[in-house]
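Residue-level structure breakdown
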Amino acid sequence: MNYVPGTASLIDDIDKKHLVLLRDGRTLIGFLRSIDQFANLVFHQTVERIHVGKKFGDIPRGIFIVRGENVVLLGEIDVEKPADTVLQQVSIEEILEEQRLQQQAKQEMEKVKMQVLKDRGLSIPKADNLDEY
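Residues numbered from 1 in each chain as written. Predicted model: local features only at pLDDT ≥ 70, side-chain atom pairs only at ≥ 80, totals over all residues. Heavy atoms only, no water.

A short note on the layout of surface pockets
The computed volume of the largest pocket comes to approximately 470 Å³. Considering the residues around the largest pocket, the lining is formed by 17 residues, among which R49, I77, D78, K81 and A83 are closest to the centre. Sort the elements by how many residues they give to the lining of the largest pocket and strand β3 (residues 41–52) lands first, with 4 residues. When its residues are assigned to classes, the lining of the largest pocket shows 9 nonpolar, 3 polar and 5 charged. (1 Å grid on protein atoms, 1.4 Å probe; cavity = no way out; pocket = protein on both sides within 12 Å on 5 of 7 lines; lining within 4 Å. Points joined across faces, edges and corners; volume = space filled by probe spheres on them. Helix = DSSP H or I, 4+ residues; strand = E, 2+ residues; numbered from the N terminus. Nonpolar A, V, L, I, M, F, W, Y, C, P; charged D, E, K, R; others polar.)

What follows is the structure, encoded as structure tokens:
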């Protein structure tokens, strides 16, 4: 196979099932339908997969356009290979509730951590301010 530079190398992957990890941490699974010179991607029959512990849930999203700069990882899924996963699939409502509880616990831990640092005279800038640069 000849080397094709840039996003043109993804031409062979069109109409195949892919998993894409986004910069904000979301995981999408769908069929790659289109790509442009900026690595913007169009997915069809897309689901957003949410993982919490050993459980996961799929939220149907339909057609999904992903801006190229938001892609962290893109990989083809072998649909012919049997899935040998230890993860348990649960309903959308259950996984969303699990995710909410996980986020609450994470926020509480962050508050405790900030308070301990504050008590010791230290401070950490908020992540919101770091994204401006």
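This is not the end of the story, as more comes after the structure.
Side note on unusual backbone geometry
Comment: phi is negative for the bulk of residues other than glycine, and the bulk of peptide bonds are trans. Phi at D15 is positive, roughly 70°, even though this residue is not glycine. Position of D15 among the secondary structure elements: in the segment before β1 (17–22). Even without being glycine, Q45 reaches a positive phi, approximately 55°. Tracing the sequence through the fold places Q45 in strand β3.

A short note on the side chain of T27
Residue placement: T27 occurs in strand β2 (residues 27–35). By relative accessible area, which is 11% here, T27 ends up buried. T27 has contacts with L19, V20, L21, V47, E48 and R49, leaving out every residue within four places of it along the chain. (Buried < 20%, exposed > 50% of the residue type's maximum accessible area, 1.4 Å probe, protein only. Contact = heavy atoms within 4.5 Å.)

Comments concerning the confidence of the model for the protein
Summary statistics for the protein give a mean pLDDT of 88 and a share of 92% for residues scoring 70 or more. Looking over the protein, one finds the lowest element-wise mean pLDDT in helix α2 (residues 127–130), namely 58, and the highest in β1, namely 96. (pLDDT = per-residue confidence, 0-100.)

So, the UniProt feature "domain: Sm" (unreviewed entry) in the protein
Look at the UniProt record and you will see "domain: Sm" (unreviewed entry) annotated at residues 5–80. The distance separating the terminal C-alpha atoms of residues 5–80 is 28 Å; by composition the span is 0% helix and 59% strand. (UniProt positions renumbered as here; feature names shortened; annotations may be inferred.)

Topic: the environment of I92
Positionally, I92 belongs in helix α1 (residues 92–119). Sequence separation of I92 and F31 is 61 residues, and the distance between their C-alpha atoms is 21 Å. For I92, the contacting residues outside a window of four places in its chain are D58, I59 and P60.

Description of the side chain of H18
Tracing the backbone shows H18 in strand β1. With residues near it in sequence (within four places) discarded, H18 still touches D13, L28, I29, G30, L32, F43, L74, G75, E76 and I77.

Topic: the sheet that holds β1
In spatial order, the strands read β5-β1-β2-β3-β4-β6; together these 6 strands make up an open sheet with mixed pairing. Looking at which strands have only one partner, the edges of the open sheet turn out to be β5 (71–76) and β6 (88–89). Note: β2 against β3, 7 bridges, orientation antiparallel. By the bridge assignment for β3, T27 is matched with R49. (Pairing = 2+ DSSP bridges.)

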